[in-house]
Each structure stands twice: as C-alpha cells, then as structure tokens.
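Fold and geometry: a report
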Amino acid sequence: NSAVHLFGKLELPKIIIKAQCIWGENLYDQAMLGGVGVTAMDSLSQTQSYAPIAQASMWVNVATKFPKFNVSLFAGYVQNLGSQKAFVGSVYARGGDIAYIYRIAPQLSYKMGKVILFSETEYTASAYGIPDKYCKVSAAKAVGNLRQNLSVLFLF
C-alpha cells in the first residue's frame, strides 16, 4: 500500500489559503474511503491474496483575517478509484459503494471582545452506486445533506 500527501498554506496580509491533496491505497485506517478485497483464494491451503482500493481527495479553504468580521469557504472532494486487480471474494472497505463525496461549507465569524459568534452552512453529497469486481462504482446517485451550525466561543 502507498500514499502521497501534499499540503500547502499561503498566508497573505488579509487572506489565508490552505489546500491538501491525498492519493492513497487502503486508507481505511485514516478514516478515509478505501480498504482491501480478496483477489485470489487457495482452497487447499486456505490462504487468500488481497489488493488495495485506491482513492484521491483534495480540499481547499480560503479565509479572511480581519480584526472583527471574517468569512471562510471550504470545498472538498474525494473520489473512489477502485483497485487495479479484480476481486473474487470479500471486500473489506469503508464506502465501497461510494463513487465520490463532495462538501462545500461557507463560514461567517464575528468577534466581540472575548466572544466570537460563528455561523456555518455545510452541504455534503455522497454518490452511491453499484461496485464492479474492481470496486469501481457505476450508476451512482448523489444523496445530499444540508446542515446549519451556530456557535458561540468565549475566550478567557
């Protein structure tokens, strides 16, 4: 199994931009999509061979940095890339029937002395479908969720 992780941050006087890209195989242990599947079975020795499921993800966050009022926009996307080998047995994966997931989340914040008010609206969509023998998903249909979060932070 392998993984490549790239992260970058650009801090300007009034804006901060952060971005991350990850490509990897079997990233299940990192709470991401992926896993493994059985690619061969030997009935005499009861041994099995496995292959990983790959995925790619990316996100970007752009935020202002002013003394009182700030806005931020987060956008992220993850894609199931499947396996290079066909599966002939069980598949052990998180999101094995998910083709892709995306999230868009704008945030507003307002600082009043030691109190910060936050408002975040988040839309997340996951496209579920039918995995083939390579765990590549077809006929995917997106299911979305809209969430509103209001928070108060007291600094002391």
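Look a little higher up for the structure.
What counts, and at which threshold
Residues numbered from 1 in each chain as written. Predicted model: local features only at pLDDT ≥ 70, side-chain atom pairs only at ≥ 80, totals over all residues. Heavy atoms only, no water. Helix = DSSP H or I, 4+ residues; strand = E, 2+ residues; numbered from the N terminus. Buried < 20%, exposed > 50% of the residue type's maximum accessible area, 1.4 Å probe, protein only. Salt bridge = Lys/Arg side-chain N within 4 Å of Asp/Glu carboxyl O. Polar contact = N/O pair within 3.5 Å; in protein donor to acceptor, adjacent residues only side chain to side chain. Contact = heavy atoms within 4.5 Å. Patch = residues over 30% accessible without salt bridge, like charges linked within 9 Å, V, L, I, M, F, W, Y side chains within 5 Å. Areas by Shrake-Rupley, 256 points an atom, 1.4 Å probe, with all protein chains shown as cover. Phe/Tyr/Trp six-rings, centres within 6.5 Å; stacked < 30°, edge-to-face > 60°. Lys NZ or Arg CZ within 6 Å of the ring centre and 35° of its normal.

So, on to unusual backbone geometry. With phi around 55 degrees, Ala31 is a residue other than glycine that occupies positive phi space. Its identity as a non-glycine residue notwithstanding, Ala139 has a phi of 55 degrees, on the positive side. Of note, Ala139 is situated in strand S9 (residues 137–154). Since its relative accessible area comes to 58%, Ala139 is described here as exposed.

One pass over the full model with this rule turns up 5 salt bridges. Salt-bridge contacts for Glu11 lead to Lys65; the nearest nitrogen and oxygen are separated by 2.8 Å. Remark: Lys65 occurs in the loop between strand S4 (47–64) and strand S5 (69–82) and Glu11 occurs in strand S1 (residues 3–11); sequence separation between them is 54 residues. Of the residues examined, Glu11 reaches a relative accessible area of 45% and is grouped as partly exposed. In the salt-bridge network here, residues are joined through shared partners; they are Arg103, Glu120, Glu122 and Arg147.

Our focus in this paragraph is the side chain of Asn70. Position of Asn70 among the secondary structure elements: in strand S5. A polar side-chain atom of Asn70 sits 2.6 Å from the main-chain amide nitrogen of Phe66. The contacts of Asn70, once residues within four sequence positions are left out, are Thr64, Lys65, Gln107, Leu108 and Ser109.

As a further point, take a nonpolar patch on the surface. A contiguous nonpolar surface patch, about 610 Å² in accessible area, is contributed by Phe69, Val71, Leu108, Tyr110, Met112, Leu117 and Val152. Looking at the nonpolar patch, the elements with two or more residues in it are S5 and strand S7 (98–112). Relative to the helices and strands, Leu117 is located in strand S8 (residues 115–131).

According to the stated counting rule, one finds 6 aromatic pairs in the structure shown. With centroids separated by 6.2 Å and ring planes inclined at 55 degrees, the aromatic side chains of Phe7 and Trp59 adopt a geometry described as tilted. Of this pair, Phe7 sits in strand S1 while Trp59 sits in strand S4; the two residues are 52 residues apart in sequence, bridging distant segments of the chain. Relative to Phe156, the ring of Phe154 has its centre 6.1 Å away and its plane inclined at 25 degrees; by these criteria the two rings are stacked. Across the pair, Phe156 and Phe154 agree in class, each one exposed. Through successive ring pairs, a cluster of aromatic residues spans Tyr77, Tyr100, Tyr102 and Tyr123. Over the ring of Tyr28 we find Arg94, and its NZ or CZ is 4.0 Å from the ring centre.

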